[in-house]
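The lines below spell out each chain.
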Amino acid sequence: NDMGNDDAIGGNVSKYTVLPTGYCGQPKKGHLIFDACFESGNLGRVDQVSEFEYDLFIRPDTCNPRFRVWFNFTVENVKESQRVIFNIVNFSKTKSLYRDGMAPMVKSTSRPKWQRLPPKNVYYYRCPDHRKNYVMSFAFCFDREEDIYQFAYCYPYTYTRFQHYLDSLQKRNLDYFFREQLGQSVQQRQLDLLTITSPDNLREGAEQKVVFITGRVHPGETPSSFVCQGIIDFLISQHPIARVLREHLVFKIAPMLNPDGVYLGNYRCSLMGFDLNRHWLDPSPWAHPTLHGVKQLIIQMYNDPKTSLEFYIDIHAHSTMMNGFMYGNIFEDEERFQRQAIFPKLLCHNAEDFSYSSTSFNRDAVKAGTGRRFLGGLLDHTSYCYTLEVSFYSYIIGGTTAAVPYTEEAYMKLGRNVARTFLDYYRLNTLVEKVAIPMPRLRNEEVEAQRKKEKPPSYKHPLLRGPASNYPNGKGDKRRSVNHKDPSNPF
């Protein structure tokens, strides 16, 4: 049972059977089998403390021992009514929402819907037996012998789930949804880029107002993917607001910037141990290829006089705060600084779980390499860059003190509300009433393919993207006739 000290954890446990000391023979029911060798899994070591108690060690991020937060593992070979205490003993953070009532997620083969454990069964404390690390302990009773139980830090959202989701969208052949492969990760996983807009906005010579959204640069921050999916689902829907937004804006979305980290079950880092959100200043094409690809695209759009890059929003999850909130930048220009507050104020009106009072604006040196800080310094005064944070645990509705735990649907609802807020920001509300709801249109190429009874190939309609030399080298004088911002009247 002794797998060495926690400094030597190098991989996930694989069907690891915990046997009582001195026991020989085949495992019996109740001799627990732990496994984390699956996509987004994480459990590095198991020590049996007593008949009922187990110390569990999080596997550190690959090539970076500093980060130990995300866990995701299964337990099988249980006995009915078997009671256990699991201690997660090597968290790298001291502050945690476990102090405020957060509890681990659990599901089983016969009950596949994720649910939170009762907070009364969860304890978070500093433990002298583990180098004074903070420990999260939870009690659990296994009730069905044939079930495999899975425990996780938060709702998992895997790379494979993401790919299946995008495949399903692509099969709908919507003429305003485009998917392309912007690049590949170190382990050759896809970096997908989505473009959602009316086809008229993509015709040659058309001026574009672009909203650029990214997610999952920190792979363990799974709520980011649910929020991002909420944004996408709303924008491709037939809702009148979505139709108006597609007519007036071009949405560029890179929902998973760190696919290797997601697949491997890391919390913060890439395969090679890099926190990608600290490398925006000078990303390497071989060490940070996904970040490099996104940055190059943003710079190309910035240098295109026909393109106005109006928003950059990077979606994260927060491990110590409640609600959704934003981080913005500080500018010497007071007017620009005040205009930057407009979008989060509008979002606060639209989303009951979003807190403007928790929103803050800073230029901390430690955040200099983040997307928000780097692009906030690069782009001109008409562009706004934010980090959108959402709690791993819950939100508190204004006027109350009760914490409402987030569900997958609640995260996606926040995404839908983020998308809706652009309607208010650009003051397009009056156009919604004029929009009739048509049936979704097929692309012309797809109609032709159906006529010929041909099966359309995968990735049939990528956006054309030439080399950097095809883009203007200088920013030039952008035409602002398409810009609805009015500095003199922010609302």
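Residues numbered from 1 in each chain as written. Predicted model: local features only at pLDDT ≥ 70, side-chain atom pairs only at ≥ 80, totals over all residues. Heavy atoms only, no water.

If you check an unreviewed UniProt entry, the chain appears there as Cytosolic carboxypeptidase 6 from Propithecus coquereli. As its UniProt record puts it under Subunit (unreviewed entry), the chain is described as follows: "Interacts with MYLK." Taken directly from UniProt, the Cofactor (unreviewed entry) text for the chain runs: "Zn(2+)". (UniProt positions renumbered as here; feature names shortened; annotations may be inferred.)

Engineer: Any details on the pairing of strand S8 (residues 111-116)? Residues and values, ideally.
Structural biologist: Bridge count for strand S7 (residues 105-108) against S8 is 3 bridges, and the pairing is antiparallel. Considered in S8, the bridge of Ser 108 is made with Arg 111. Connecting the antiparallel pair S7 and S8 is a turn made up of 2 residues. (Pairing = 2+ DSSP bridges. Helix = DSSP H or I, 4+ residues; strand = E, 2+ residues; numbered from the N terminus.)

Engineer: Let's hear about the packing of aromatic side chains: which residues, and what values?
Structural biologist: Two numbers describe a pair of aromatic rings. These are the distance of the centres and the angle of the planes. Tallying each qualifying case throughout the model produces 44 aromatic pairs. On the numbers, 5.5 Å between centres and 85° between planes, the contact of Phe 325 with Tyr 327 is edge-to-face. Overall, the relative accessible area of 13% leaves Tyr 327 in the buried class. Above the ring of Phe 57, the side-chain terminus of Arg 45 is found at 4.0 Å from the ring centroid. The ring of Phe 331 carries Arg 336 above its face, with NZ or CZ at 3.8 Å from the centroid. (Phe/Tyr/Trp six-rings, centres within 6.5 Å; stacked < 30°, edge-to-face > 60°. Buried < 20%, exposed > 50% of the residue type's maximum accessible area, 1.4 Å probe, protein only. Lys NZ or Arg CZ within 6 Å of the ring centre and 35° of its normal.)

Engineer: Tell me about the confidence of the model for the chain, and please be specific about residues and values.
Structural biologist: Of the residues in the chain, 87% have a pLDDT of 70 or more, and the chain-wide mean is 88. In this model, residues 453-491 is a region of pLDDT below 50 whose contacts with residues beyond four sequence positions or in other chains number 83 contacts. (pLDDT = per-residue confidence, 0-100. Contact = heavy atoms within 4.5 Å.)

Engineer: Go over the nonpolar core with me, naming the residues and quoting the values.
Structural biologist: Judged by nonpolar contacts, the single largest core of 104 residues is most densely connected at Phe 34, Phe 86, Phe 142, Phe 151 and Phe 422. With 9 residues, the single largest contributor to this core is helix H9 (residues 408-425). Each of two domains, domain 1 (16-152) and domain 2 (159-436), supplies a minimum of three residues to this core. Membership of the second largest hydrophobic core comes to 23 residues, among which are Val 210, Leu 257, Leu 309 and Leu 379. (Core = buried A, V, L, I, M, F, W, Y, C linked by side-chain atoms within 4.5 Å. Domains from an automatic or database assignment.)

Engineer: Provide a residue-level description of the pattern of salt bridges, including the pertinent values.
Structural biologist: Taken as a whole and judged by the stated rule, the model has 11 salt bridges. A salt bridge links Arg 179 to Asp 167; the nearest nitrogen and oxygen atoms lie 2.7 Å apart. Highlighted residues: Arg 179 in strand S12 (residues 177-184) and Asp 167 in helix H1 (residues 159-170), separated in sequence by 12 residues. For Arg 179, a relative accessible area of 2% puts it in the buried group. Measuring nitrogen to oxygen at the nearest pair gives 2.8 Å for the salt bridge that ties Arg 189 to Asp 260. Of this pair, Arg 189 sits in the loop between S12 and strand S13 (190-196) while Asp 260 is found in helix H4 (residues 259-264), placing the two residues 71 residues apart along the sequence. Accessibility assignment for this pair places Arg 189 and Asp 260 in one class, buried. Beyond isolated ion pairs, a larger network of salt bridges with shared partners links Arg 111, Asp 143 and Asp 147. (Salt bridge = Lys/Arg side-chain N within 4 Å of Asp/Glu carboxyl O.)

Engineer: Describe the side chain of His 130, listing the residues and the values that go with them.
Structural biologist: You can see His 130 is positioned in the loop between strand S9 (122-126) and strand S10 (134-142). Leave out the neighbours within four places in its chain, and His 130 touches Asp 55, Val 89 and Val 135.

Engineer: Before we move on, can you summarise the sheet that holds strand S1 (residues 16-17) with the specific residues and values?
Structural biologist: Strand order in the open sheet formed by 6 strands is S1-S2-S5-S11-S7-S8, and the pairing between neighbours is antiparallel. On the outer flanks of this sheet lie S1 and S8, each paired with one strand and no other. In this structure, strand S2 (residues 33-35) lies alongside strand S5 (residues 72-76), joined through 3 bridges in antiparallel fashion. For Ile 33, the partnering residue across the bridge sits in S5 and is Glu 76.

Engineer: Could you give an account of unusual backbone geometry, with specific residues and numbers?
Structural biologist: For Ser 40, which is not glycine, the phi torsion reads 65° and is therefore positive. Inspection of the secondary structure puts Ser 40 in the loop between S2 and strand S3 (45-48). What makes Ser 40 buried here is its relative accessible area of 4%. With a phi close to 55°, Arg 131 is a non-glycine residue in the positive phi region. With respect to the helices and strands, the residue Arg 131 is situated in the loop between S9 and S10.

Engineer: Please set out the side chain of Lys 295 residue by residue, giving values where relevant.
Structural biologist: By the element assignment, Lys 295 lies in helix H5 (residues 289-302). Within the buried core, Lys 295 has no salt-bridge partner, and the shortest N-O distance to an opposite charge, that of Asp 282, equals 5.5 Å. Ignoring sequence-local partners within four residues, the contact set of Lys 295 consists of Trp 280, Leu 281, Asp 282, Pro 283 and Phe 374. (Lys, Arg positive; Asp, Glu negative; His and termini not counted.)

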